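Residue strings, one per chain:
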Amino acid sequence: MPQDAPPNGSAQDSAPPGPWSRVAGMQAKLHRWAVADPGRRFDDLFNFVHDPATLIVAFDRVATNQGANTPGTDGITAAWVEEHVGVPGFLDDLRAALKDGSFRPLPVRERKIPKPGGSGKVRKLGIPRIADRVVQAALKLVLEPIFEADFEPCSYGFRPRRRAQDAIAEIHHFGTRGYRWVLDADIEAALDPWSYCSFADCGG
């Protein structure tokens, strides 16, 4: 069965010298602190977010993602940044905006894609601009190792180095040892707009 997710699951397996190794070290340190003191209050995390190494790794992850060539509302792709602006200058401007508080995310570009199964229903897909994706990736690099410390080993959803196949292997493991019941629960349309309002706002 799969092992528990490693503390630096977002970094490369063998981080080369430079930004990747710096980020991997930062992640390992944050994870170690979170495990040692579950009630710890983490201060000054924002410095990690706009650290040059974090932003370089974040841009690399965005640029190598399958959707890197899909622009947001500003029409800019990762390739356009690399060819026309240059990654160092782009990240310098982004870092400055983060540090002085002037950074503001733009509205996402909405696309509707059909849900699987031929039901005729569609799922709304929000496509952020490249700059917003880089900031999201930077936040994930910093926050993920902290929250990973609280997850149980049996949790597989949206975690580093864990796949649906790992969950299936876990089911097979218990299924061959006498377990016969499986509980599957889902909240329908959990991320639809109405789900974000408070009970008071929704009249509940």
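Here, the structure is the one placed above.
Attention in this report is confined to the structure presented alongside it. (Residues numbered from 1 in each chain as written. Predicted model: local features only at pLDDT ≥ 70, side-chain atom pairs only at ≥ 80, totals over all residues. Heavy atoms only, no water.)

**So, the pattern of salt bridges**
Within the structure shown, the criterion is met by six salt bridges. The partner of Asp132 in a salt bridge is Arg129, with the nearest N and O atoms 2.9 Å apart. A salt bridge links Glu148 to Arg159, with the shortest nitrogen-to-oxygen separation between them at 2.7 Å. Separated by 11 residues along the polypeptide, Glu148 in helix α6 (residues 130-148) and Arg159 in the loop between α6 and α7 (164-175) bring together distant segments of the chain. Side by side, Glu148 and Arg159 carry an identical accessibility label, which is buried. (Salt bridge = Lys/Arg side-chain N within 4 Å of Asp/Glu carboxyl O. Helix = DSSP H or I, 4+ residues; strand = E, 2+ residues; numbered from the N terminus. Buried < 20%, exposed > 50% of the residue type's maximum accessible area, 1.4 Å probe, protein only.)

**Considering the nonpolar core**
Among the nonpolar cores identified, the biggest contains 32 residues, and Leu30, Phe59, Phe90, Leu91, Leu94, Ile130 and Val134 are the most heavily contacted of them. When contributions to this core are tallied by element, the ones reaching two or more residues are α1 (19-36), α2 (45-49), α3 (52-63), α4 (78-85), α5 (87-100) and α6. Take this core: its biggest share by element is nine residues, from α6. (Core = buried A, V, L, I, M, F, W, Y, C linked by side-chain atoms within 4.5 Å.)

**A look at the side chain of Gln27**
Inspection of the secondary structure assignment puts Gln27 in helix α1. A distance of 3.0 Å separates a polar atom in the side chain of Gln27 from the backbone oxygen of Leu141. (Polar contact = N/O pair within 3.5 Å; in protein donor to acceptor, adjacent residues only side chain to side chain.)

**Here's the deal with α3**
With 12 residues, α3 should cover 16 Å at 1.5 Å per step; its first-to-last C-alpha distance of 16 Å lies within 8% of that length. Here α3 has its buried residues at Ala53, Thr54, Leu55, Val57, Ala58, Phe59 and Val62. On its buried side, α3 packs onto α1, α2, α4, α5 and α6. Where α3 begins, one side-chain oxygen reaches toward the backbone nitrogen of Ala53, 2.9 Å away; that side chain belongs to Asp51. (Expected span 1.5 Å × (residues − 1). Contact = heavy atoms within 4.5 Å.)

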